[in-house]
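Structural overview
Chain residues, written in single-letter form:
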Amino acid sequence: MSLKTILGEPYKSVEEATKAKRAALIGLCAVVAVQAAAVLFFWWINTQSDSLSPLIAWPNFDGVLLFSAAIILYFTNSRIFAGLLLALAALELTVTWVLKATTTESLSPPGMALVLAVVAVQLVIAVFKTHNWQSVNNAKAPRSKWVMGALMVTSILMLTGFLVPPVHFWNHTRNAITLTGNAETLRYYEPLDKYSFEFPKAWKIEHPPLEYGNVILHSDDGKDVSVSVERWSPWSIAPIVLFNKEAFLKMAQDEAEAYSAENQLTVESVEMVGPTNVNEARVEYTGLDGSKTYVYYLYDRAWSRQTSDAAHFFWRITAVVPKGAEQDDVAVQSMLSSFVVNQSK
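A brief look at the structure comes next. Bear in mind the structure is a predicted one, so any value in this text is a computation, not a measurement. What you see as residue numbers is a count from 1 along each chain, following the sequence as written. Only residues with pLDDT of 70 or above have their local features reported here, since the model is predicted, and side-chain atom pairs are shown and tallied only from 80 upward, although totals for entire chains, interfaces and linings are computed over all residues. Side-chain metrics rest on all non-hydrogen atoms present in the structure, leaving aside hydrogens and water.

Residues of helix 10 (residues 329-338) that are buried include every one of D329, V332, M335, L336 and S338, and no others. For this analysis, residues touch if any pair of their heavy atoms sits within 4.5 Å. Under the DSSP-based scheme used, a helix requires at least four consecutive residues in state H or I and a strand at least two consecutive residues in state E, with every element numbered from the N terminus. Of the surrounding secondary structure, the elements contacted by the buried residues of helix 10 are strand 3 (195-200), strand 5 (215-218), strand 6 (226-232), strand 9 (292-300), strand 10 (314-321) and strand 11 (340-341). Relative accessibility under 20% of the residue-type maximum defines a buried residue, over 50% an exposed one, and the middle range a partly exposed one, all with a 1.4 Å probe and only protein chains included.

All right, on to the side chain of E284 then. Looking at the secondary structure, you find E284 in strand 8 (residues 278-287). Side-chain polar atoms of E284 contact the side chain of K292, separated by 3.1 Å. Contacts of E284, omitting those with residues within four sequence positions, involve T266, V267, E268, S269, K292, T293 and Y294. Polar contact is the term for a pair of N or O atoms within 3.5 Å; when the atoms are in protein, one must be able to donate a hydrogen and the other to accept it, and sequence-neighboring residues count only if both atoms are side-chain atoms.

So, about the packing of aromatic side chains. Only Phe, Tyr and Trp rings are paired, with Trp represented by its six-membered ring, and only when their centres lie within 6.5 Å; those with planes under 30 degrees apart are stacked, over 60 edge-to-face, the remainder tilted. For the coordinates displayed, the defined rule picks out 14 aromatic pairs. Considering the side-chain rings of F248 and F314, the 6.1 Å spacing of their centres and the 65 degrees angle between planes classify their relative orientation as edge-to-face. Of this pair, F248 sits in helix 8 (residues 245-263) while F314 is found in strand 10, placing the two residues 66 residues apart along the sequence. Judged by relative accessible area, which is 0%, F248 ranks as buried. Grouping aromatic residues by their ring pairs yields a cluster made of Y188, Y195, F197, F199, W315 and F339.

Throughout, nonpolar core names a set of buried Ala, Val, Leu, Ile, Met, Phe, Trp, Tyr and Cys residues whose side chains join them through atoms within 4.5 Å. Counting residues in each nonpolar core, the largest one holds 28 residues, and the members touching the most others are L25, L28, L66, L73, L85, L123 and L151. Per element, the largest residue contribution to this core is 8 residues, and it comes from helix 5 (residues 112-137). In terms of nonpolar packing, the next biggest core, distinct from the first, is built from 27 residues, L186, V278, W303 and V341 among them.

The term salt bridge refers to a pairing of a side-chain nitrogen on Lys or Arg with a carboxyl oxygen on Asp or Glu at a separation within 4 Å. Tallied over the full model, the rule gives 6 salt bridges. Among the ionic pairs, E230 bridges to R316, the shortest N-O distance being 3.0 Å. On the criterion of sequence distance, the pair formed by E230 in strand 6 and R316 in strand 10 is long-range, its members being 86 residues apart. Residue classification places E230 among the partly exposed residues on the basis of a relative accessible area of 22%. As a salt-bridge pair, R282 and E271 come within 3.7 Å of each other at their nearest N and O atoms. Taken together, the residues R282 in strand 8 and E271 in strand 7 (residues 265-273) connect sequence positions 11 residues apart. Salt bridges sharing common partners tie together E271, R282, E284 and K292.

This is the structure we're talking about:
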């Protein structure tokens, strides 16, 4: 069987050779981009669960190999690398079929391996025929700017899908939250943001997904008493407000006015509290039903988180004590006063 029978009619012009290779390479870039998007999607789904799976943190080496092949074949017509690409596509198709038949632990989108095999075959044919055309005509086909653009866009998405899940998993496992204490209270320490506070041992902890530094605590008595800690960065807050005490108090007053109007609460007091090296404002609200809400705004000028100055991060701590849960008010006040930033373990 001749090569012409396998590959089809040879290219008759440089335009035909360039167009065929361009379409095949853009198709390969699309496969790599979809794989990276799928990895990021499954990573996001994984972050919504209570525990992070190490499986989703494994880097996508398949995407790196495919993207490397695309770059090499963009600059050359290497039949060796084209053959290796075809072998990789065949291996991935086989492995995917085996995984689908024997287990449900597969992150590949349905049909992706088959699409990759089809694209690989098309690209191999284009490379072989382009190589043959160049040999016959003693000329080189020009490189497509469209392919170069596709390679640049794909590289960004591929690097994101390759790095974000393992880095996210590494941060969460390396900076594990610690709980220490006695029979009555526990000390909560967040090593990534270097803050701590104490809370009753019977209370429950909840971490909102994808929100670093944030935590919500609930009373275990069913009375909806809660305390939430937020690493806050509202766009309206300028750096000078965080450092200047008068401006910090004015910020708290403005926030109290907006918060009370939004939640139909009455502002009882707005005052500065805390040591001289920490800007800390306390706001107390009363609800129409007699419930209490306390909001603390806190910024430690000695805080050493690398991005704090750039992003204007500081803390807002909100405590809600519904009507009928007045006996929990003492515990809430104790929790709020125990919050400390820039503390070592």
